[in-house]
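Each chain is listed here by its residues.
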Amino acid sequence: MKKKKLSLTSLITMTLLMCGAVIMIFPFLWMILSSLKTQVEVSMIPPTFLPSNFTLENYIFALKTAPFARYFLNSLLVTIACVVITMFTTILAAFAFSRLKFPGSNIIFSVLIAMMMIPFEMLIITNYTTIAKWGLMDNLIALVIPFTASIFYTYILRNFFLSIPDSLYYSAKVDGSSDWKYLWWVMVPIAKPTIITIALLNTIAAWNSFLWTVLVINSTSNRTLPFGVFAFIAEGGVRYERLMAAATIVVLPMIILFLFARKYIVSGVSKGGIKG
Amino acid sequence: MKVTIKELTKKFGDFTAVDHVSAEFDDGKLIALLGPSGCGKTTMLNMLSGILPSTEGKIFFDDEDVTDLSADKRGVGLVFQNYALYPHMTVLENVCFPLRIRGVPKKERIEKAMKFINLVHIEDYLDRKPAELSGGQQQRVAITRALIKKPKLLLLDEPLSNLDAKLRVEMREEIRRIQKESGVTTIFVTHDQEEASSISDSIMLLKRGVQQQFGTVDDLCDNPVNLFTADFLGTPTINQVHGTWSEKGFVADGQTEIISFNVNIPTGTRLIYASRAEALKLNQDKQFEAEILEKYKVGKDTLVRLKYGNGSLRAYTEDKTIQIGDIVGVGMKDFGVFLFEAESGKRLL
Ligand SMILES: Nc1ncnc2c1ncn2[C@@H]1O[C@H](COP(=O)(O)OP(=O)(O)OP(=O)(O)O)[C@@H](O)[C@H]1O
Ligand SMILES: [Mg+2]
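Keep in mind that what you see is a predicted model, and the values were worked out from it rather than measured.

> So what exactly am I meant to see when it comes to the interface of chain A and chain B here?
In many analyses, interface size is given as the accessible surface area lost on bringing the parts together. Each side of the interface is counted separately: chain A has 16 residues, and chain B has 20 residues. Between chain A and chain B, the buried area comes to about 1,700 Å², and carbon and sulfur atoms account for 65% of it. Sorting the residues of chain A by area buried against chain B places Val174(A), Asp175(A) and Trp185(A) first, and these three jointly supply 40% of that buried surface. Counting the contacts that link chain A with chain B gives 2 salt bridges. Where Lys149(B) meets Asp175(A), a salt bridge forms, and the shortest distance between an N and an O atom there is 2.9 Å. Summed over the shared surface of chain A and chain B, the result is 9 residue pairs in polar contact (both at pLDDT 80 or more). Where the side of chain A that touches chain B is concerned, the elements lending two or more residues are helix H9 (166–174) and helix H10 (179–190) of chain A. Considering each element in turn, the side of chain A that touches chain B owes the most residues, 7 residues, to H9(A). Across the side of chain A that touches chain B, the residue classes break down as 9 nonpolar, 4 polar and 3 charged.

Structure, rendered in structure tokens:
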């Protein structure tokens, strides 16, 4: 009796999860399938699901007309720089706010948290003038500088660091460790799942960054992928199959990254603290 | 290494956790820091390791004043009550960590680690993570990690409290063995007087941050300075009977006979008569009479509980004919009998 009930609930759960998965995946699937169709087939009514004859022409066209390889490289450079620097500053700040006792640490942290409430759009003007003043307009560095620290990630990591027992810190101290070594040899390895999770979130945010990029970048050679796709549409007119091919080029790296990092994302989300 | 503390004090706000404690811990000895929960044992240990700064007083390692030296420079080994093993490292990595911090090359540190690992017998689980070890195994790893840097002083904070009774006895003997083999001056915190008596060279007894007595186990048992010490040490707990001093002797409350003692105490002083169970003899050299309330077999002896005054007394006897309800004469041996002032707990005899 009990067993049957259990399998029934799991059946319902499974069905719901499957529905959810289909709803999530379908747009991506549609995008990829459309990108493999011809112009005629894309606009056919009723629409076909699978392309009747696969064509890579849209990709070839996209790659020929716009320097997507260049965009890709720009996106990659900017994303790596943002993520590496942000992770570094996040780890140091989280350590300072969780472990070090310095005057005003609580006040400073509260102020930082309060600052999280200011939307990024509000900061765009001040950021823009700063970047302009520094003469960094239309420079890839302008895409990195405003994104080298994150209060939100610091907050998440600080909370994790706080859950690490004090005795580990004292133990390391007695073992002769400096704060620096304790941070990198003990705290960071223990927090690895959390750090990987926030690094992934950061990667996605950096990769998809669009508004700021459009504002500070002008030349074609400095465009990142999202901007590149946007320009591609704007310049080439609305041709859905080509648009879908370009969009696929943008999204695919993130999908691949997700597939590889799935294990870490799940463990990072489900493991809030560490066992004592 | 000899450790000397002078007037060591720790205050948390208005609260004094350790109150002007002075002592010398001789080289190569195992000293037990004993006292009830909350008496300042951990605080004292943390000051010795450098984790907590002291409010007042000085700490010397041999002749060097280390009071202001930070924890990472004192070179002591510390085993925490919860072991504090690094959860992401294997047993071997945990043990090697202090050497890794000093920049000892990997091959060399593993070589050094193996020597201690063989001493402590943890060679079978070097690749496991701490979460995959039992409490006793974790403890041995923690001790190895503390020993590997060849500390001049080893500090153990209630290392056995998480273990079951049998393992606790095994492990304390093991700690004694390791301590003797390595010859390191060791301070062992415990609130269990039996544990302290069984392994230490000397015991420091604390109460609310104040040192009560510091000496060998025998000193503390046979020559307690106050009622607290007499009460804290010894199994079974020392017998206590309340009463008053009248002329030549002690009169228990609700009793008329005078138990005479050869001391000078003002008449009318409120007293506590205390005697160890081993110090009483039944039906010999009778000094007072008491009724048998209970009797138990303890090994080959019989332990009886006697009603006397408003309290009760425990005593050992070899006499098998004694029955519950008998009135027996009680005599005293020439050790293990004390008189304490009731109010202050000060020893008068
Ligand atoms: N950081 C602190 N702030 C305020 N009071 C403290 C602090 N640490 C300890 N105390 C107090 O100091 C006293 C001694 O604490 P300590 O931890 O040294 O006791 P202990 O003898 O180790 O007890 P236990 O056997 O329970 O471990 C306690 O009353 C405790 O409440
Ligand atoms: Mg303690």
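Next, the rest of the story.
> What am I meant to see in the site of ligand 1 here?
Residue and element names in this part refer to chain B. Lining the immediate environment of ligand 1, one finds Phe12, Phe15, Ala17, Ser37, Gly38, Cys39, Gly40, Lys41, Thr42, Thr43 and Glu158. Here an oxygen atom of ligand 1 and a side-chain polar atom of Thr43 are 2.5 Å apart. Coverage of ligand 1 by the protein chains reaches 60% of its 630 Å² of free accessible surface. Looking at the shell around ligand 1, the element that brings in the most residues is helix H1 (residues 41–49), giving 3 residues.

Basis of the calculations
- Residues numbered from 1 in each chain as written.
- Chains lettered and ligands numbered in written order.
- Predicted model: local features only at pLDDT ≥ 70, side-chain atom pairs only at ≥ 80, totals over all residues.
- Heavy atoms only, no water.
- Contact = heavy atoms within 4.5 Å.
- Buried area = accessible area lost by both parts, 1.4 Å probe.
- Salt bridge = Lys/Arg side-chain N within 4 Å of Asp/Glu carboxyl O.
- Polar contact = N/O pair within 3.5 Å; in protein donor to acceptor, adjacent residues only side chain to side chain.
- Helix = DSSP H or I, 4+ residues; strand = E, 2+ residues; numbered from the N terminus.
- Nonpolar A, V, L, I, M, F, W, Y, C, P; charged D, E, K, R; others polar.
- Near = heavy atom within 4 Å.
- Areas by Shrake-Rupley, 256 points an atom, 1.4 Å probe, with all protein chains shown as cover.

Honestly, it's all geometry; don't read function into it.
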